[in-house]
Structures are given as structure tokens and as C-alpha cells.
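In case you want the letters, here they are:
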Amino acid sequence: EPPVTPTSPKPFREQWWHWKPTSRAQTEAIEGVLLSALDIPYTMTMVELQSTKINTLCAGSGPPLVMWHGMAAGLGLWVRNIPAFAEHYTVYAVDLPGFGLSGRPDFK
């Protein structure tokens with residue numbers, strides 16, 4: 001393996017963004033802190049999807065607007081956007097499978 005210089009990228013194992021295991025309780029606590037910023041009514045629902053459950057948030061009324069997060073994120077990513085969108089739309093924010101409070105599918 002070549003030496004790491006100040007201008008070369010760090011090996012994968014040294015990256016700050018690598019996956020770190022967390023417990024369900026930790027994830028619920030973190031999401032609770034994020035969602036405490038919402039000052040509008042909303043509902044949380046776990047939707048059964050084949051072999052896993054998907055965590056969803058619903059707020060507002062009007063035409064549907066679905067918010068999907070990117071990699072290594074969750075529906076908490078949208079807490080600053082949801083109130084504004086909920087004034088005109090029924091907002092559905094979703095934790096994709098394996099992220100946030102959604103279940104982790106069995107890939108066997």
C-alpha cells in the first residue's frame with residue numbers, strides 16, 4: 001500500500017464518514033431531537049413493505065409531496081423544509097430501507 005501524503009486521499013478505513021453501528025434507542029433519540037424542531041402537527045407511521053417496515057412522516061394538506069433522502073441520511077434531514085412545504089402540500093418524508101427508523105431488509 002502506498003504511503004499517505006497530505007495530498008493523497010485517506011484509505012477507506014480512515015475516512016470520517018464510514019458506517020458506525022448504532023442502537024435503535026440511539027436512533028430514536030436522535031430523530032426525536034431533530035423532529036422536536038417541527039412546530040406543526042404531523043403523524044409518524046410504520047408502513048409494512050414485504051419483509052421490512054418503512055418509517056414515514058406525514059404533515060400538511062394538499063397535493064402529495066414525497067421527500068426521499070440521499071445516502072447516509074434519514075427523514076430528519078427535512079425538518080427545516082417540512083413546515084414550509086406543509087402549508088401547500090401533504091408532505092410524506094420517508095426513511096428508506098436500512099436508514100433512520102426503517103427496518104433493515106434481509107439480503108440473504
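An account of the accompanying structure is given in this report. Just so you know, the residues in each chain are numbered from 1, in the order the chain's sequence is written. Where totals are concerned, whole chains, interfaces and linings use all residues; where local detail is concerned, this predicted model gives features only for residues with pLDDT of at least 70, and gives and counts side-chain atom pairs only at 80 or more. The basis for every side-chain value is the complete set of non-hydrogen atoms in the structure, without hydrogens or water.

### Topic: the overall build of the protein chain
In terms of regular secondary structure, the protein chain is built from two helices and four strands. Reading the protein chain from its N end, one meets helices and strands in the order α-β-β-β-α-β. Per-residue burial over the protein chain gives 27% buried out of 108 residues. Note on contacts: a residue pair is in contact if any heavy atoms of the two residues lie within 4.5 Å. Long-range contacts, defined here as pairs at least 24 residues apart, represent 59% of the contacts in the protein chain between residues at least 6 apart. Every accessible area reported is derived by Shrake-Rupley at a probe size of 1.4 Å, with residue values counting cover from the shown protein chains alone. Accessible surface, the protein chain as shown: approximately 7,900 Å² in total, 63% of it carbon and sulfur. Segments assigned H or I by DSSP are reported as helices when at least four residues long, segments assigned E as strands when at least two residues long, and all are numbered from the N terminus. To sort residues, take the accessible area from a 1.4 Å probe on protein chains only and compare it with the maximum for the residue type: under 20% means buried, over 50% means exposed, and anything in between is partly exposed.

### Looking at the sheet that holds strand 2 (residues 52-60)
Strands pair, by our definition, only if DSSP identifies at least two bridges between them. Reading across from one edge, 1-2-4-3 is the order of the four strands in this open sheet, with mixed pairing throughout. The open sheet terminates on both sides in strands that have one partner only, identified here as strand 1 (42-49) and strand 3 (64-68). With strand direction ignored, the average angle separating the axes of adjacent strands in the sheet is 25°. Examined bridge by bridge, strand 1 and strand 2 share eight bridges and lie antiparallel to one another. Lines are fitted to the C-alpha atoms to define the axes, a helix being fitted only along its stretch in contact, and any angle between axes, read from their N-to-C directions, falls within 0 to 180 degrees.

### Some details on the pattern of salt bridges
Should their charged atoms come close, side chains of opposite charge can pair. When a carboxyl oxygen of Asp or Glu is within 4 Å of a side-chain nitrogen of Lys or Arg, the pair counts as a salt bridge. The final tally for this structure, using the stated rule, is one salt bridge. Of the charged contacts in the structure, one is a salt bridge between arginine 24 and glutamate 28, with a shortest N-O distance of 3.2 Å. Placement of the pair is arginine 24 and glutamate 28 together in helix 1 (residues 24-35), with a separation of four residues, close to one helical turn. Note on arginine 24: relative accessible area 45%, which makes it partly exposed. Accessibility expressed as a relative area gives 40% for glutamate 28, which makes it partly exposed.

### Some points on the nonpolar core
Residues enter a nonpolar core if they are buried and are Ala, Val, Leu, Ile, Met, Phe, Trp, Tyr or Cys, with the set joined through side-chain atoms within 4.5 Å. Counting eleven residues, the largest nonpolar core consists of Leu35, Leu38, Leu57, Ala59, Met67, Leu75, Val79, Ile82, Ala86, Val91 and Ala93. Taken together, the elements giving at least two residues each to this core come down to strand 2, helix 2 (82-86) and strand 4 (90-94).

### Quick word on the environment of glycine 62
Its place among the elements puts glycine 62 in the loop between strand 2 and strand 3. Beyond its immediate sequence surroundings of up to four residues, glycine 62 is in contact with His88, Tyr89 and Thr90.

### With respect to the side chain of aspartate 95
With respect to the helices and strands, aspartate 95 occurs in the segment after strand 4. In this tally, Asp and Glu contribute negative charge and Lys and Arg positive charge; neither His nor the terminal groups of the chain are included. For aspartate 95, which is buried and forms no salt bridge, the nearest opposite charge comes from arginine 104, at a distance of 7.7 Å. Counting of polar contacts relies on pairs of N or O atoms within 3.5 Å, with two restrictions inside protein: one atom must be capable of donating a hydrogen and the other of accepting it, and residues adjacent in sequence are counted only when both atoms are side-chain atoms. A polar side-chain atom of aspartate 95 sits 2.6 Å from the main-chain amide nitrogen of leucine 75. One polar contact links the side chain of aspartate 95 to the main-chain amide nitrogen of leucine 101, over a distance of 3.0 Å. Apart from residues lying up to four places away in sequence, aspartate 95 is in contact with Glu31, Ile54, Asn55, His69, Gly74, Leu75, Gly100, Leu101 and Ser102.

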